[in-house]
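Listed below are the residues making up each chain.
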Amino acid sequence: MEKIGMGLVGPGFIAAHHIDAVRRLGYVDVVAIAGSNKNSAERKAAELNVDVAYGSYEELIADPRVHVVHNTTPNHMHLPVSMAAIQAGKHVISDKPLALTSTECASLRDAAAQAGVANAVTFNYRGNPLVQQMRQMVAADELGAPIFLHGQYLQDWMTDPYVYSWRMDPAKGGESSALADIGSHWCDLVEHVSDLRIEAVLADLTTAVKTRYSAGASAEAFSRGDRATSRPVEVTAEDLACVLLRFNNGARGILKVGQVLPGHKNDLQLEINGLKGSLRWEQEKQNELWIGSHNSANGVMAKDPSLMNTQARAYAHLPGGHQESWADAFRNVIADAYAWIRADADPSMKPPTVCDFAGGHRVCCIVEAILRSYQEGGAWTHVSAGQA
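Each value, and the rule that gives it
- Residues numbered from 1 in each chain as written.
- Predicted model: local features only at pLDDT ≥ 70, side-chain atom pairs only at ≥ 80, totals over all residues.
- Heavy atoms only, no water.
- Helix = DSSP H or I, 4+ residues; strand = E, 2+ residues; numbered from the N terminus.
- Expected span 1.5 Å × (residues − 1).
- Bend = angle between axes of the 7 residues up to and from the residue.
- Buried < 20%, exposed > 50% of the residue type's maximum accessible area, 1.4 Å probe, protein only.
- Phe/Tyr/Trp six-rings, centres within 6.5 Å; stacked < 30°, edge-to-face > 60°.
- Polar contact = N/O pair within 3.5 Å; in protein donor to acceptor, adjacent residues only side chain to side chain.
- Pairing = 2+ DSSP bridges.
- Axes fitted to C-alpha atoms, helices over the stretch in contact; angles between N-to-C directions.
- Contact = heavy atoms within 4.5 Å.
- Left-handed = near helix turned anticlockwise from the far one by under 90°.
- Nonpolar A, V, L, I, M, F, W, Y, C, P; charged D, E, K, R; others polar.

Trainee: What should I look at first to understand helix H8 (residues 178–194) in this one?
Mentor: An α-helical turn contains 3.6 residues, so a residue and the one three or four places further along point in the same direction. For H8, which comprises 17 residues, the first-to-last C-alpha distance of 23 Å matches the rise-based estimate of 24 Å (1.5 Å per residue) to within 8%. For H8, the principal kink sits at Ser184 and spans about 40°. Counting buried positions along H8 gives 17 out of 17 residues, so the element sits mostly inside the fold.

Structure, rendered in structure tokens:
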């Protein structure tokens, strides 16, 4: 099998997981990484056991051994890095959000389609085997038509005001913080699992920690800054959000998002209710799927390939009783993205677990509609087909 060359730009928190995922595939060579400067890139390359380090993304993209560019830079760099890779004819796998605005996302979507390159946004929760089981059960009408879709994505790593990163800086992270960072995952997940579309939103947002303290450099996710050298920074982006939802089939929904909630480490939950039954998946109990019934006992389906739908079974790699993890789900999405690359990026061959740039654009449009809803005083705001 011919090896595919991979290069990564932006070796921060998530970079190690991208590299681990592609190495597990067995047919991908990690050729190089690029950072904001040569010295930092070399340090990260040594940590990640990568032979070549570049001090700029332009150098990495110009390397003929690199066929796929993984863009894990801060949000404000997503557009220039991904666009440069597309223009060089390279396939692109981008961290979310795809770009800072829906206009930027649309430009990347259109450029990738015109260039005929594979393009993916790492909404990695799609790759969990029981998420795929849930999706297949909804598609098989085991719940009936969904009438209520609700859930949350709650974390606590930003509770401490001495946590400050580029995510809170609108120039680097964008207008939204918590919604763009983690709410986007939930919006993608609910549409992927249900095959419905969020049609309109009504939002109430707030910034619970209005003053943070920065030591001058952005901390990696889930890390804290130096208290002794920190200075106050006023924050305007939301860290807490409540959103009412309307779906295109008439169903209603509720989403809660927050990153300042003590005890909630990575509390992503999705529940879908129909008149025949209900399903709930919780990321912190990701090897279980709760199944609710009106006229019989409720149950919990443990991840077990022998009991799963045929299509979902492909995403479970261990026998029943052997727990699979966040990293395994991430690897599943990366594997499907590379399967699409190996199929010459034929649009008809894109696996459903891969969120392409069109999907990344749609999620950005949803987040922007939520922001507009709040800015307009809590008004129902439409996510139009033209926007997304």
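Trainee: How should the packing of aromatic side chains be read in this particular structure?
Mentor: Each aromatic ring pair is specified by the distance between its two centres and by the angle formed by the two planes. In this structure the tally under the stated criterion is four aromatic pairs. When the ring of Tyr162 is compared with that of Tyr213, the centres are 4.7 Å apart and the planes differ by 20°; the resulting orientation is stacked. With Tyr162 in the loop between strand S7 (148–154) and helix H7 (170–173) and Tyr213 in strand S9 (residues 211–214), this pair connects stretches of sequence that are 51 residues apart. According to the relative accessible area criterion, Tyr213 is partly exposed, its value standing at 26%.

Trainee: Would you explain helix H6 (residues 129–139) in this entry?
Mentor: With respect to burial, H6 is a largely interior element, nine of its eleven residues being buried. The complete set of buried residues in H6 reads Pro129, Leu130, Val131, Gln132, Gln133, Met134, Gln136, Met137 and Val138. Structurally, the start of H6 carries an N-cap: the backbone nitrogen of Leu130 is 3.0 Å from a side-chain oxygen of Asn128. Of the residues one or two after H6, Asp141 is the one with positive phi, at around 65°.

Trainee: Quick question: what am I supposed to make of the sheet that holds strand S6 (residues 119–121) here?
Mentor: Sheet strands pair by backbone hydrogen bonding; their relative direction is either parallel or antiparallel. Strand order in the open sheet made by the six strands is S3-S2-S1-S4-S5-S6, with parallel pairing throughout. Because the sheet does not close on itself, it has two edges, and the strands there are strand S3 (52–54) and S6. Taking each pair of neighbouring strands and ignoring which way they run, the sheet shows an average axis angle of 20°. Across four bridges, the pairing between strand S1 (residues 4–9) and strand S4 (residues 68–71) is parallel. Across the sheet, the residue bridging to Val9 is Asn71, located in S4.

Trainee: Explain the sheet that holds strand S8 (residues 198–206) to me, please; I cannot follow it from the model alone.
Mentor: Here nine strands make up an open sheet; going across it, the order is S16-S15-S14-S13-S7-S12-S11-S8-S17 and the pairing mixed. The sheet terminates laterally at strand S16 (299–302) and strand S17 (381–382), the two strands that pair on one side only. Bridging between strand S14 (residues 278–282) and strand S15 (residues 288–292) involves four bridges; their strand directions are antiparallel. Paired with Leu279 across the strands is Ile291, a residue of S15. Each of strand S13 (267–273), S14, S15 and S16 is contacted by H6, which is oriented at about 165° to S14, the strand it contacts most. In this fold H8 packs onto S7, S8, strand S11 (240–247), strand S12 (252–258), S13 and S14, with an angle of close to 30° to the strand it touches most, S13.

Trainee: Hey, could you run me through the packing of H8 against helix H11 (residues 357–375) in this one?
Mentor: How two helices sit against one another is set out by the angle between their axes and by the gap between those axes. One can describe the packing of H8 onto H11 by two numbers: an axis separation of 9 Å at closest approach and a directional angle of 120°. Crossing of H8 against H11: the hand is right-handed. Contacts between H8 and H11 pair Leu179, Ala180, Ser184, Cys187, Asp188 and Glu191 from the former with Arg362, Val363, Ile366, Val367, Ile370 and Leu371 from the latter. Tallied by class, residues from the contact of H8 with H11 come to eight nonpolar, one polar and three charged.

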